[in-house]
Amino acid sequence: MKRNLYLILLLCLIFAFGTANAQGELKFEKETHDFGTIAEGTQAAYEFKVKNVGTQPVIISAVQPSCGCTTPSWTKDPILPGKTGTIKAMYNSTGRPGPFHKSISVTSNAATPIQVLYIKGDVGPKDLKTSYTPEQKAMSPRLAVGSTNYNFGKLEKGQKAVAKFTVKNTGRQPLVIQGVRAACNCVSYQVSQPSIKPGQTATLELTYVPTMLKEQNEVVTVVSNDIVMPDLKLTLKANVVESLASKNMLREGAQPTPFR
């Protein structure tokens, strides 16, 4: 009887200890990202992926970069066990020539409450084409896209719309899309793969939120580590109206025809 009682007490203690120590734990796919050489003026961006490998939900409460040149955004919803979240870091290279190495502190309720990520690279001249040898250009990644235009048709002012482009790396080194630029500051992006291997394709999503009425033609510059053509121009077209008779008319039309 006493032996059974001891066993029961031991099991209860083990269960209580395990419950008390159950906690979420964040594991990052990578903790440092190297942008390589980027042209001055580029808004270089990278999305860190993180998985909760613990047993409880994790909430990221704050993401603090080491300087004002880096702008972060992150998953605000709780990251459930086994699920993933993202932390996006955007580095503004305007007026900052030379090498950079910046830290980003991630605060959460995980087992390790503060974790640090890093971005680094080298800011070169605005026109990088003049600073590379023919051999370097021959080994460069190359960004190719089948169609450079996308027409949303009618959109409400302030309505979010997504255009999808199929891109391919036709070069000899991994291709990284580092950011996008648009005069309207109304376009953001996401890539299905952070690094596109030679010969592989990926999906580039441009999210457009129109702020002006009537016919709009937004020229979006896609910045990459393609040193031969680092700035690819894409055009988003839309007829922007104050309101549409039918709500929920977000149009994600057919994917543009891929290159051949």
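No experiment lies behind these values; they were computed from the predicted model shown.

Q: Sorry, what's going on with the sheet that holds strand β10 (residues 149-156) here?
A: Sheet strands pair via backbone hydrogen bonds, and the direction of the pair is either parallel or antiparallel. Strand order in the open sheet formed by four strands is β10-β16-β15-β12, and the pairing between neighbours is mixed. Each end of this open sheet is capped by a strand with a single partner; those strands are β10 and β12 (177-182). Looking at each pair of strands side by side, their axes are set apart by 25° on average, direction ignored. Across ten bridges, strand β15 (residues 214-224) lies against strand β16 (residues 231-241) in antiparallel orientation. By the bridge assignment for β16, K214 is matched with V240.

Q: Can you walk me through the sheet that holds strand β3 (residues 43-52) in this structure?
A: With antiparallel pairing, the four strands of this open sheet are ordered in space as β1-β3-β6-β5. Looking at the sheet topology across the chains shown, the edges are occupied by β1 (26-28) and β5 (70-74). Each strand axis lies, on average, 25° off the axis of its neighbour in the sheet, ignoring direction. Across nine bridges, β3 lies against strand β6 (residues 84-92) in antiparallel orientation. Bridge pairing in β6 places K51 opposite T84.

Q: Got a minute to help me understand the state of the cysteines in this structure?
A: Two cysteines joined by a covalent bond between their sulfur atoms form a disulfide. Considering all chains together, one arrives at two disulfides under this definition. Each sulfur of the disulfide joining C184 and C186 lies 2.0 Å from the other. The sign of the -80° torsion about the S-S bond sets the C184-C186 disulfide as left-handed. Look at C186 and you get buried, because its relative accessible area is 9%.

Q: Can you walk me through empty space enclosed by the protein in this structure?
A: Over the atoms rolls a probe the size of a water molecule, and its path tells where empty space is left. As enumerated under the stated definition, the model contains one cavity of 30 Å³ or more in all. Of the volumes computed, that of the largest cavity is approximately 200 Å³. Lining the largest cavity we find A45, Y46, E47, K49, K88, V176, I177, Y189, Q190, V191, Q193 and P194. Of all the elements, β3 adds the most residues to the lining of the largest cavity, at four residues. Of the residues contributing to the lining of the largest cavity, the split by class is seven nonpolar, two polar and three charged.

Reading the values: the criteria
All chains use their own residue numbering, which begins from 1 and follows the written sequence. Only residues with pLDDT of at least 70 are given local features in this predicted model, and only at 80 or more are side-chain atom pairs given and counted; all residues enter the totals for whole chains, interfaces and linings. Water and hydrogen atoms play no part in the side-chain values, which are based on all heavy atoms of the structure. A pair of strands is labelled paired if DSSP reports no fewer than 2 bridges between them. Secondary structure elements follow DSSP: runs of H or I of four or more residues count as helices, runs of E of two or more count as strands, with numbering from the N terminus. To define axes, lines are fitted to C-alpha atoms, for helices over the stretch in contact only, and angles between the resulting N-to-C directions are given on a 0 to 180 degree scale. When two cysteine sulfur atoms are found within 2.5 Å, that pair is recorded as a disulfide. Summary of the burial criterion: residues with accessible area below 20% of their type's maximum are buried, those above 50% are exposed, and those between are partly exposed, where the area comes from a 1.4 Å probe applied to protein chains only. A pocket here means an open set of points on a 1 Å grid, computed over the protein atoms alone, that has protein on both sides within 12 Å along at least five of seven lines. A cavity is instead a set of points where a 1.4 Å probe fits but cannot get out; residues with an atom within 4 Å of a point line either one. Grid points are joined across faces, edges and corners, and a volume is the space filled by probe spheres set on the points. Polarity classes work like this: nonpolar for Ala, Val, Leu, Ile, Met, Phe, Trp, Tyr, Cys and Pro, charged for Asp, Glu, Lys and Arg, and polar for all others, with Gly in that last group.

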